[in-house]
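Summary of the model geometry
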Amino acid sequence: MERILVSACLLGRECAYDGESRMDPGIIDFCKGLEVVPVCPEMLGQLGCPREKHEIRGGTGKDVLSGSASVISISGKDRTAEFLSGARETLRLGKANECGTALLKEHSPSCAVREIHSGRFDGSTIQGPGVTAALLEMSGVRIMSETDV
Ligand code: SF4
């Protein structure tokens, strides 16, 4: 049976920044018959819950990995280290569980596959992955967006 990493909030875990889940019955249906490894990179990065809203400033998750962009909270705190730590721990769990695929929540500074917020905290978006999605993809894990399901 294939093992798959899945953003935990999509499965009903109340780990989103606002303390809510982002449960999606379509995702839960899709996961039936798969061995699911639920992960929340921001909880793994010890950011707590509820937590401030964060966005990537200066680029995408790929740029955070290369050191040319940062993850900033809405009150202006630099949380890049925590986001990197959560991404690395997610990758470690994925490798330890032999997950070849990750199914991830769109628009998150960690999990987004295709589109993130712009870093201006005004609702605007840019194309590109979050930090965890970028690291997983770079490391050979196939990343799927919730919107693919
Ligand atoms: Fe969901 Fe990912 Fe955000 Fe955690 S970091 S709440 S799993 S989108």
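Okay, so let's go over this structure. (Residues numbered from 1 in each chain as written. Predicted model: local features only at pLDDT ≥ 70, side-chain atom pairs only at ≥ 80, totals over all residues. Heavy atoms only, no water.)

1. Re the site of the ligand
This is how the line gets drawn: Being near a molecule or strand, for a residue, comes down to having at least one heavy atom within 4 Å of it. Amino acids are sorted into nonpolar (Ala, Val, Leu, Ile, Met, Phe, Trp, Tyr, Cys and Pro), charged (Asp, Glu, Lys and Arg) and polar (every other residue, Gly among them).
Looking at the ligand, there are 14 residues lining it, with C9, C15, C40, E42 and C111 nearest. Here the residues of the shell around the ligand sort into eight nonpolar, three polar and three charged.

2. Some words on the environment of E42
This is how the line gets drawn: Helix and strand definitions follow DSSP, with helices as H or I runs of at least four residues and strands as E runs of at least two, each counted in order from the N terminus. Summary of the burial criterion: residues with accessible area below 20% of their type's maximum are buried, those above 50% are exposed, and those between are partly exposed, where the area comes from a 1.4 Å probe applied to protein chains only. Whether two residues are in contact is decided by their heavy atoms: any pair within 4.5 Å suffices. Nitrogen and oxygen atoms within 3.5 Å of one another constitute a polar contact, given that in protein one can donate a hydrogen and the other can accept it, and given that sequence-neighbouring residues count only through two side-chain atoms.
Here E42 lies in helix α2 (residues 41-44). Residue classification places E42 among the buried positions, given a relative accessible area of 9%. Along the primary structure E42 and I27 are separated by 15 residues, whereas in three dimensions their C-alpha atoms are 20 Å apart. Other than its neighbours up to four places away in sequence, E42 contacts L47, G48, R51, F83, S108, P109 and S110. Reaching out from E42, the side chain makes a polar contact with the side chain of R51 at a distance of 2.9 Å.

3. So, the side chain of E55
Looking at where E55 falls in the secondary structure, it is placed in strand β3 (residues 54-57). At 2.9 Å, the side chain of E55 and the backbone nitrogen of G119 are in polar contact. Polar side-chain contacts of E55 include one of 3.1 Å to the backbone nitrogen of F121. In contact with E55, not counting residues within four places along its chain, are S70, V71, I72, P109, H117, S118, G119, R120 and F121.

4. Remarks on the sheet that holds strand β8 (residues 142-145)
Cut-off, in case you're wondering: Strands are treated as partners if at least two bridges between them are detected by DSSP. Here, axes are lines fitted to C-alpha atoms. For helices the fit covers the stretch in contact, and angles between N-to-C directions go from 0 to 180 degrees.
Across the sheet, four strands lie side by side as β2-β1-β5-β8; this open sheet has parallel pairing. Each edge of the open sheet carries a strand with a single partner, namely β2 (35-39) and β8. Each strand axis lies, on average, 25° off the axis of its neighbour in the sheet, ignoring direction. In this structure, strand β1 (residues 3-7) lies alongside β2, joined through five bridges in parallel fashion. Considered in β2, the bridge of S7 is made with V39.

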